[in-house]
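Listed here are the chains, written in short residue letters.
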Amino acid sequence: MDIIQVNNLVKKYDGLVAVDGISFSVAPGEIFGLLGPNGAGKTTTLEIIETLRLKSSGEVSVCGFSIDAQPNEIKKRIGVQLQAAGYYPNITLAEQLRLFAGLYSKQVNVVEMLSLVGLQDKVSAKYKELSGGQKQRFSVCTTLINDPQVVFLDEPTTGLDPQARRNLWELIRSIRQRGTTVVITTHYMDEAERLCDRVAIMEKGKIIAQDTPERLIDRLVESGFERKKEVKKASLEDVFLSLTGHEWRDE
Amino acid sequence: MQSKKPVYSQWGAMLAISKASFRSMLRSPSAIIFGLLFPLVFIVVFGFINPSNVKFDVTIDQRSDTTGELYAALKSNSSLRFRTVEDGQQEERLQKGRIDAILFLQTNPENQEEVVVTTSKASRERANIVEALIQEVVSSVNSRRLDVLFKTTPDSLRISSAQRYAMKTALIPGREYKTIDFILPGQLGFSILSAGVFGTAFVFFSLRQTLVLKRFFATPIKRPFIILGEALSRVTFQLLGSLMIILIGHFVFEFTLVEGGWTVVKLLLFAAIGQLVFMGFGFVVSGIARNESTIPPIANMITLPQFLLCGTFFPIDAFPSWLQAISRILPLTYLNDSFRRIAFEGAPLLDLLPQLGVIGLWGVLVFFLAVRFFRWE
């Protein structure tokens with residue numbers, strides 16, 4: 001059974017249609033990408049599924065619970081990373097995690113949790129002292145506290161350098177290894193291509209394509225598409241990474 | 001995955017927020033500065049500078065003989081303020097506590113100048129002080145006369161106190177009402193007001209703005225528990241601050257705690273009640289403010305008038321009556337008044353029901369507004 005089912009979802013903001021009757025489903029254990037340009041409705045869609053925003057119409061169920069009937073049952077079973085989440089000021093990462101543990105009624109070993117995302121040395125650091133990549137990894141860490149069935153990551157790699165992005169991909173893959181379903185939004189297509197099992201492409205509130213990256217590409221090629229420039233065996237990013245190293249580093 | 005039914009505790013979640021918020025406050029300079037340092041600085045400054053400027057209102061019984069030396073001495077005492085009250089209304093005013101004593105000056109059968117002091121139960125402690133004050137005037141006039149006219153002793157002065165409203169007849173030398181006894185309760189009230197309004201407004205505004213609240217919403221905690229958690233930590237923090245102010249005041253500046261530890265408990269109880277009500281103002285402000293820079297002006301509109309008008313620095317009776325009318329509407333007046341009555345007079349809690357009633361009415365009004373204006377996102 002699908003872990004997320006979205007049926008004919010509509011969200012209107014006084015006159016403006018942000019999400020226009022979309023349907024899709026996510027299978028347990030997959031990494032599902034919601035792609036699209038800024039303003040396509042990705043975040044709105046995600047926040048409705050996360051029970052943070054009310055829908056205008058349509059049906060959504062997560063882990064077998066309807067978002068209308070049992071939002072709190074859903075909240076207990078999902079982990080949410082917001083695009084620009086804030087954390088309580090003036091407290092350390094360990095204290096943040098204890099706070100979230102309390103919010104989920106869970107007992108956690110904070111050092112263990114932090115080492116899941118490679119931040120075991122930052123137990124007594126404050127969130128604002130972290131680098132961009134560390135902040136995102138900490139954010140992901142807070143989504144794992146309740147041992148969720150699904151985690152939602154909203155543009156987790158935006159603004160990160162190539163090393164930090166790769167590092168985060170590894171983290172996301174490791175979450176999936178634990179058996180957790182991942183729903184991610186991004187506007188980097190290379191990221192989606194490497195990371196996602198299936199993607200849905202949104203544009204102006206509608207889903208205009210939905211399949212595995214592989215098949216979407218094949219279909220385009222079959223239709224006679226050709227890249228204008230000859231493909232070289234390496235990209236500038238490969239050059240950058242081979243010069244600066246794959247290793248992700250803390251500044 | 002988890003097959004067992006997870007047991008979720010809203011109270012546990014609430015406590016987790018309280019803990020985080022409390023830690024955060026302990027590390028936030030502004031919370032310490034406004035909650036603790038400012039009141040202490042004011043207490044120190046006013047404790048040292050200001051000699052007692054508390055005045056007592058007295059009126060002269062119309063039948064009095066006002067030609068004597070004693071009348072002149074009383075009249076020139078700077079702590080006594082003479083009020084003209086129409087004949088029939090003197091006792092009524094006294095009973096209502098509008099004046100502190102009626103003075104009747106006469107020459108008694110032994111040909112002594114005598115002042116009969118009538119005070120009321122309405123303000124027992126003030127009565128004690130006013131009697132002590134007059135006693136002091138009388139004895140200084142006596143001794144001056146003895147000095148000048150050594151043995152002649154024409155007519156020594158005598159004071160007697162008639163007690164009409166179940167007051168002790170004997171002249172008790174009033175408990176010394178020190179400046180700190182006036183200043184400290186005012187500072188306590190003001191620190192509670194400013195922490196309640198500014199602290200709450202800023203914290204909820206910034207938790208909303210930085211999406212901390214939104215992140216909380218993604219967890220199973222229910223919204224009222226988020227507010228309860230914050231409220232609990234802020235009240236705890238403020239009570240600790242108040243306790244420190246009271247203890248420093250007591251041990252360094254001899255702030256009067258009439259019933260000792262029990263007085264402290266009563267003070268803290270009122271501090272907590274005041275804090276809860278004033279937090280409501282903070283919620284309203286955080287809801288109205290469009291951005292961070294509009295918080296201080298709006299919060300000042302609430303705190304400044306109360307700072308000036310509610311007996312924080314100056315006694316309310318120093319104001320003209322139209323201004324006093326405003327003072328008597330504002331909640332801080334009643335909190336300050338309660339603190340003073342508890343600390344200096346040892347007022348039992350039941351006697352403070354009127355004060356509590358006004359503070360409670362404000363609570364209802366403010367939380368009604370808070371529910372209307374509070375914004376979560």
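Residues numbered from 1 in each chain as written. Chains lettered and ligands numbered in written order. Predicted model: local features only at pLDDT ≥ 70, side-chain atom pairs only at ≥ 80, totals over all residues. Heavy atoms only, no water.

A. Seen up close, the overall build of chain B. Assigned secondary structure in chain B consists of 13 helices and five strands. Burial statistics for chain B: of 377 residues in total, 52% are counted as buried. For chain B, the share of sequence-separated contacts (at least 6 apart) that also reach a separation of at least 24 residues comes to 77%. Looking at chain B as shown, the accessible area adds up to about 17900 Å², and 64% of this sits on carbon and sulfur atoms. (Helix = DSSP H or I, 4+ residues; strand = E, 2+ residues; numbered from the N terminus. Buried < 20%, exposed > 50% of the residue type's maximum accessible area, 1.4 Å probe, protein only. Contact = heavy atoms within 4.5 Å. Areas by Shrake-Rupley, 256 points an atom, 1.4 Å probe, with all protein chains shown as cover.)

B. Looking closely at the pairing of strand β2 (residues 80–83) of chain B. All names here are of chain B. Taking every second residue as pointing to the same face, the buried face of β2 carries Leu80 and Phe82, while none of Arg81 and Arg83 on the other face is buried. Pairing geometry for strand β1 (residues 56–60) and β2, over four bridges, is parallel. Bridge assignment links Thr59 to a residue of β2, and that residue is Arg83. For the segment spanning β1, helix α3 (residues 69–75) and β2, crossover handedness is right-handed. (Pairing = 2+ DSSP bridges. Right-handed = clockwise from strand over helix to strand, strands pointing away.)

C. Structural detail: a negative patch on the surface. All names here are of chain A. Taken together, the side chains of Glu193, Glu214, Asp218 and Glu222 define an acidic patch exposed on the protein surface. The biggest single contributor to the negative patch is helix α8 (residues 213–222), with three residues. Looking at the secondary structure, you find Asp218 in helix α8. (Patch = residues over 30% accessible without salt bridge, like charges linked within 9 Å, V, L, I, M, F, W, Y side chains within 5 Å. Salt bridge = Lys/Arg side-chain N within 4 Å of Asp/Glu carboxyl O. Lys, Arg positive; Asp, Glu negative; His and termini not counted. Charge placed at Lys NZ, Arg CZ, Asp CG, Glu CD.)

D. Looking closely at the pairing of strand β10 (residues 206–211) of chain A. Residues and elements named next belong to chain A. Looking at chain direction, strand β9 (residues 198–203) and β10 are connected through five bridges and run antiparallel. Within the sheet, the bridge partner assigned to Glu203 lies in β10 and is Lys206. Here β9 folds back onto β10 in antiparallel fashion, the turn holding two residues, of which Lys204 has a positive phi close to 50°.

E. Molecular detail of the packing of helix α5 (residues 132–143) of chain A against helix α6 (residues 162–177) of chain A. All names here are of chain A. Following both chains from N to C, one finds α5 and α6 inclined at 10°, their axes separated by 10 Å at the closest point. The angle between the axes of α5 and α6 places the two elements in the roughly parallel class. Two secondary-structure elements touch here, α5 through Gly133, Gln136, Arg137 and Val140 and α6 through Ala164, Asn167, Leu168, Leu171 and Ile175. When its residues are assigned to classes, the contact of α5 with α6 shows five nonpolar, three polar and one charged. (Axes fitted to C-alpha atoms, helices over the stretch in contact; angles between N-to-C directions. Parallel < 35°, antiparallel > 145°, perpendicular 65-115°, else oblique. Nonpolar A, V, L, I, M, F, W, Y, C, P; charged D, E, K, R; others polar.)

F. Spotlight on the nonpolar core. Formed by 99 residues in total, the largest nonpolar core has its most connected members in Ile4, Val62, Leu99, Phe138 and Phe152 of chain A together with Phe216 of chain B. For this core, the element with the highest residue contribution is helix α3 (residues 93–103) of chain A, accounting for seven residues. If we skip the residues at most four places from it in the chain, Phe152 of chain A touches Ile4, Leu46, Ile49, Glu50, Ile78, Gly79, Val80, Gln81 and Val183 of chain A. (Core = buried A, V, L, I, M, F, W, Y, C linked by side-chain atoms within 4.5 Å.)

G. Spatial organisation of the side chain of Gln355 of chain B. Residue and element names in this part refer to chain B. Relative to the helices and strands, Gln355 is located in helix α13 (residues 353–373). Within the structure, the side chain of Gln355 is placed 2.8 Å from the side chain of Asp337, a separation counted as a polar contact. In this view, Gln355 contacts Tyr334, Asp337, Ser338 and Arg341; residues no more than four positions away in its chain are not counted. (Polar contact = N/O pair within 3.5 Å; in protein donor to acceptor, adjacent residues only side chain to side chain.)

H. Quick look at the environment of Phe344 of chain B. All names here are of chain B. Note on placement: Phe344 falls in helix α12 (residues 331–345). With relative accessibility at 4%, the residue Phe344 sits in the buried group. Each C-alpha atom of the pair Phe344 and Phe104 lies 28 Å from the other, and the pair is 240 residues apart in sequence.

I. Broad picture of the pattern of salt bridges. For the coordinates displayed, the defined rule picks out 25 salt bridges over all chains. As a salt-bridge pair, Glu47 of chain A and Lys214 of chain B come within 2.5 Å of each other at their nearest N and O atoms. Separated into two different chains, Glu47 of chain A in helix α1 (residues 42–49) and Lys214 of chain B in helix α7 (residues 212–217) make up a pair that spans both. The buried category is assigned to Glu47 of chain A, whose relative accessible area is 5%. Overall, the relative accessible area of 16% leaves Lys214 of chain B in the buried class. Among the ionic pairs, Lys266 of chain B bridges to Glu259 of chain B, the shortest N-O distance being 2.9 Å. A relative accessible area of 34% means that Glu259 of chain B is categorised as partly exposed. Shared partners join several salt bridges into a network, and the residues in it are Arg165, Arg166, Asp190, Glu191 and Glu237 of chain A.

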